[in-house]
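Structural description and commentary
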Amino acid sequence: MLTLGRILKPKSLTFISSLRIATLSPTQDHPNSDSEPPEPTSAYYDDLVNEAGRSRDFALVRQLLIRRIRDGCFNSNDTFRFITKTPTSLSFVDDLFETLARLPKGYTRKSAFDSLNSRLCKLQLTDDALKVVDKMLERGLELNACSFHPILNALTKKKEMEAAWNVVGLMKENGVEPDTTAYNYLLTAYCAVGDVISAANLLRRLSEEGLKGDTRTYDAMVLGACRAGKVDGAMAVLRAAEDDGVPLLYSTHAHVINALLELGFHRQAVNFVMSYGGKDKSLDTESFGLLASRLIKLEKVEDAKLVLDEMRRRGLHMGEKLRDFYLLHI
């Protein structure tokens with residue numbers, strides 16, 4: 001493997017406030033008792049939580065977070081959208097932390113904290129997310145590798161590798177073992193800049209810790225080889241993934257296609273896409289379409305026509321621009 005080294009939508013705040021006390025009866029907000037209330041959704045609960053959060057009604061926030069899980073409406077990246085980068089909004093974080101800490105132990109509390117950290121990291125507030133983690137550690141609240149994923153993702157996207165490794169160290173110091181996903185964030189960052197040596201060292205560490213590569217591990221490895229100009233190595237990784245029975249992302253094939261074209265190997269790119277043709281129609285649609293589009297931009301008309309002919313023969317969907325080009329040149 002390691003070849004590279006549910007409640008109705010409120011019509012007013014009066015309805016929301018009613019949640020503070022008793023459980024709603026089926027007809028409480030429905031004058032017509034014969035009508036069935038619509039099923040709630042995660043997005044619906046997100047709206048309720050955000051409205052309550054903006055009003056700083058954290059007692060209601062807590063009740064909504066409990067109720068949504070009971071209704072099977074899980075938290076999302078939008079659950080704490082009321083948290084923004086403004087000083088006033090950030091002043092809510094401490095109160096929100098205390099609210100989440102009082103949630104029922106287990107999934108309800110853990111998922112709420114994960115959503116909070118995801119929101120903070122989306123705002124590039126990784127220091128604030130780390131403060132949340134530190135306080136969770138102090139309180140002995142539920143933490144696992146997933147708790148650190150948003151932080152590692154944010155740091156590695158900014159290429160702050162030393163800070164990312166410090167987070168890995170923090171995990172280990174507190175008995176939280178990094179998983180494959182955690183390491184994938186670092187691996188992808190190294191591979192995106194073609195740092196094959198650092199990627200190989202990380203892959204070795206992954207193996208030593210008894211972790212197996214997954215779809216994104218292979219995607220990163222292929223990307224790294226392509227960024228380093230080693231397309232033959234990228235193809236070797238593709239073969240290794242197939243041998244290991246690991247499904248590949250469409251983007252993994254796209255890395256190879258783009259690398260071949262950037263190196264001027266236009267016909268080899270065509271051959272590569274053809275060699276995988278017929279196994280997965282959705283993959284074929286993506287790969288053939290990408291290749292044809294890139295060839296057109298490169299003004300390789302004959303090669304583009306060959307690919308489009310093959311798309312027509314295989315019954316693959318063409319976008320409007322590809323179809324217009326094809327009709328113009330047949």
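Residues numbered from 1 in each chain as written. Predicted model: local features only at pLDDT ≥ 70, side-chain atom pairs only at ≥ 80, totals over all residues. Heavy atoms only, no water.

Quick notes on the overall build of the protein chain
Defined as follows: Secondary structure elements follow DSSP: runs of H or I no shorter than four residues count as helices, runs of E no shorter than two count as strands, and numbering proceeds from the N terminus. Relative accessibility thresholds used throughout: buried, under 20% of the residue-type maximum; exposed, over 50%; partly exposed, between the two (1.4 Å probe, protein chains only). A 1.4 Å probe and the Shrake-Rupley method give the accessible areas. Residues count as covered only by the protein chains that appear here.
For the protein chain, the helix and strand inventory stands at 18 helices and zero strands. Buried positions account for 46% of the 330 residues belonging to the protein chain. Of the roughly 16600 Å² of accessible surface on the protein chain, a fraction of 50% belongs to carbon and sulfur atoms.

Here we look at the packing of aromatic side chains
Quick reminder of the rule: What counts as a ring pair is set by centres within 6.5 Å for rings of Phe, Tyr and Trp (its six-membered ring), and what kind of pair is set by the plane angle: stacked under 30 degrees, edge-to-face over 60, tilted for all other angles. Two limits define a charge over a ring: the Lys NZ or Arg CZ must be within 6 Å of the ring centre, and within 35 degrees of the ring normal.
By the definition in use, this model includes nine aromatic pairs. Aromatic side chains Phe 58 and Phe 82 sit 6.5 Å apart centroid to centroid with 50° between the ring planes, which places their arrangement in the tilted category. Taken together, the positions of Phe 58 in helix 3 (residues 58-70) and Phe 82 in the loop between helix 3 and helix 4 (87-90) put the pair 24 residues apart, joining distant regions of the chain. Like Phe 58, the residue Phe 82 is buried in the burial classification. Following the ring pairs from residue to residue traces out a cluster consisting of Phe 58, Phe 80, Phe 82 and Phe 92. Directly above the aromatic system of Phe 97 lies the positively charged group of Lys 135, at a separation of 4.3 Å from the ring centroid.

Observations concerning unusual backbone geometry
A positive phi angle is found at Lys 159, which is not glycine, with a value near 60°. Topologically, Lys 159 is positioned in the loop between helix 8 (145-157) and helix 9 (161-173). Positive phi, normally seen in glycine, also occurs at Glu 299, with a value near 60°. With respect to the secondary-structure elements, Glu 299 resides in the loop between helix 16 (281-297) and helix 17 (301-314).

Structural notes on the side chain of Thr 215
For the record, the criterion: Identification of polar contacts relies on pairs of N or O atoms within 3.5 Å, with a donor-acceptor requirement for protein atoms, meaning one able to donate a hydrogen and the other able to accept it, and with residues adjacent in sequence counted only if both atoms are side-chain atoms.
Mapped onto the fold, Thr 215 is located in helix 12 (residues 215-227). For Thr 215, the side chain forms a polar contact with the main-chain oxygen of Pro 247, separated by 2.8 Å.

A closer look at the nonpolar core
For soluble globular proteins, the rule of thumb is that nonpolar side chains tend to be buried together. Definition in use: To form a nonpolar core, buried Ala, Val, Leu, Ile, Met, Phe, Trp, Tyr and Cys residues must be joined to one another through side-chain atoms within 4.5 Å. Pairs of residues are marked as contacts when any of their non-hydrogen atoms sit within 4.5 Å.
Membership of the largest hydrophobic core comes to 95 residues, with the highest contact counts inside it found for Phe 80, Ile 83, Leu 96, Leu 100, Val 256 and Leu 291. Sorting elements by how many residues they give to this core places helix 10 (residues 180-192) first, with seven residues. Residue contacts for Ile 83: discarding those within four places in its chain leaves Ser 89, Leu 90, Phe 92, Val 93, Leu 96, Arg 119, Leu 120 and Leu 123.

Here we look at the environment of Val 132
Relative to the helices and strands, Val 132 resides in helix 7 (residues 126-139). Its relative accessible area of 3% is what places Val 132 among the buried residues. Separated by 12 residues in sequence, Val 132 and Leu 120 place their C-alpha atoms 9.7 Å apart. Once residues lying within four places of it in the same chain are set aside, the contact partners of Val 132 are Val 93, Phe 97, Phe 113, Leu 116, Asn 117 and Leu 120.

What about the confidence of the model for the protein chain?
Quick reminder of the rule: Residue-level confidence of the predictor is summarised by pLDDT, bounded by 0 at the bottom and 100 at the top.
Taken over all residues, the pLDDT of the protein chain has a mean of 89, while the share at 70 or more is 88%. Note on residues 1-35: pLDDT is under 50 here. Beyond four places in sequence and across chains, it has 67 contacts.

With respect to the environment of Lys 158
Within the secondary structure, Lys 158 is located in the loop between helix 8 and helix 9. If near-sequence neighbours (up to four positions away) are discounted, Lys 158 is found in contact with Gln 124 and Thr 126.

Concerning the pattern of salt bridges
To keep things clear, this is the line we draw: Any Lys or Arg side-chain nitrogen found within 4 Å of a carboxyl oxygen on Asp or Glu counts as a salt bridge.
Summed over the entire model, instances satisfying the criterion amount to 15 salt bridges. A salt bridge links Lys 135 to Asp 94; the nearest nitrogen and oxygen atoms lie 3.5 Å apart. A residue pair is termed long-range when its members are at least 10 positions apart, and Lys 135 in helix 7 and Asp 94 in helix 5 (residues 92-101) qualify at 41 residues. Looking at Lys 135, the relative accessible area reads 22%, which means it is partly exposed.

What to know about the packing of helix 15 (residues 266-275) against helix 16
As a reminder, the rule being used: Axis lines are fitted to C-alpha atoms, over the contacting stretch for helices. Their N-to-C directions set the angle, which ranges from 0 to 180 degrees. If an angle is under 35 degrees, it is roughly parallel; if it is over 145, roughly antiparallel; if it lies from 65 to 115, roughly perpendicular; otherwise it is oblique. A crossing counts as left-handed when the near helix is turned anticlockwise from the far one by less than a right angle, and as right-handed when that turn is clockwise. Three classes are used: nonpolar for Ala, Val, Leu, Ile, Met, Phe, Trp, Tyr, Cys and Pro, charged for Asp, Glu, Lys and Arg, and polar for all others, with Gly counted as polar.
Where helix 15 meets helix 16, the axes come as close as 10 Å, and the angle between the chain directions of the two elements is 165°. Of the possible angle classes, the one that applies to helix 15 and helix 16 is roughly antiparallel. Like other packed secondary-structure pairs, helix 15 and helix 16 cross with a definite hand, here left-handed. Residues His 266, Ala 269, Val 270, Val 273 and Met 274 of helix 15 touch helix 16, and the partners they reach there are Ser 287, Phe 288, Leu 291 and Leu 295. Along the lines of polarity and charge, the residues of the contact of helix 15 with helix 16 split into seven nonpolar, two polar and no charged.

Some details on the side chain of Arg 119
For Arg 119, the location among the structural elements is in helix 6 (residues 107-122). From its side chain, Arg 119 meets the backbone oxygen of Phe 80 in a polar contact 3.5 Å long. Engagement of the side chain of Arg 119 in a polar contact is seen with the backbone oxygen of Arg 81, the distance being 3.2 Å. Non-local contacts of Arg 119, meaning those with residues more than four positions away in its chain, are made with Asn 77, Phe 80, Arg 81, Ile 83 and Thr 84.

A look at helix 14 (residues 250-262)
Think of an α-helix as turning once every 3.6 residues; residues three or four places apart then point the same way. The test is simple: Given a helix with a known number of residues, its expected span is that number minus one, times 1.5 Å.
Taking 1.5 Å of rise per residue, the 13 residues of helix 14 would be expected to cover 18 Å, and the 18 Å separating its terminal C-alpha atoms lies within 8% of that figure. Among the structural elements, helix 12, helix 13 (231-243), helix 15 and helix 16 are those in contact with the buried residues of helix 14. The positive-phi residue at the C-terminal boundary of helix 14 is Gly 264, with phi of around 85°.

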